[in-house]
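# A structural walkthrough
Below are the chains, spelled out letter by letter.
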Amino acid sequence: MNMLGQAELNKLKWRCRRGLLENDLFIERFFKHHGSALSVSLGQGLERLMDLADNDLLDLLLARR
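## Description of the environment of leucine 58
Within the secondary structure layout, leucine 58 lies in helix 4 (residues 54-61). Separated by 37 residues in the primary sequence, leucine 58 and leucine 21 have C-alpha atoms spaced 10 Å apart. In this structure leucine 58 touches Leu20, Glu22, Asn23, Phe26 and Arg64, once residues within four positions along its chain are discounted.

As structure tokens, then:
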């Protein structure tokens, strides 16, 4: 399994910045606990999640949808 390098991880963190503070808090906690163990494929999946609108992402994170 190919792991993300530090430069790739930093780029992904930047890509994951959101307009809603609530989303940022969820994402920040995720990176704190799992950032060092992210594979390239999981990073790609996370990037696809970031294509969601802020409110849709929050609904997903809160299991409202």
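## A closer look at the nonpolar core
Formed by Leu4, Leu9, Leu12, Cys16, Ile27, Phe31, Leu38, Leu46, Met50 and Leu57, the largest nonpolar core amounts to ten residues. Looking at this core, the elements that each hand over two or more residues are helix 1 (6-15) and helix 2 (21-34).

## Details of the side chain of arginine 18
One can find arginine 18 in the loop between helix 1 and helix 2. For arginine 18, a relative accessible area of 14% translates into the label buried. Side-chain polar atoms of arginine 18 contact the backbone oxygen of leucine 52, separated by 2.6 Å. At 2.7 Å, the side chain of arginine 18 forms a polar contact with the side chain of aspartate 54. Once residues lying within four places of it in the same chain are set aside, the contact partners of arginine 18 are Asn23, Asp24, Ile27, Met50, Leu52, Ala53, Asp54 and Leu57.

Criteria and cut-off values
- Residues numbered from 1 in each chain as written.
- Predicted model: local features only at pLDDT ≥ 70, side-chain atom pairs only at ≥ 80, totals over all residues.
- Heavy atoms only, no water.
- Helix = DSSP H or I, 4+ residues; strand = E, 2+ residues; numbered from the N terminus.
- Contact = heavy atoms within 4.5 Å.
- Core = buried A, V, L, I, M, F, W, Y, C linked by side-chain atoms within 4.5 Å.
- Buried < 20%, exposed > 50% of the residue type's maximum accessible area, 1.4 Å probe, protein only.
- Polar contact = N/O pair within 3.5 Å; in protein donor to acceptor, adjacent residues only side chain to side chain.

Just distances and angles here, no functional claims.
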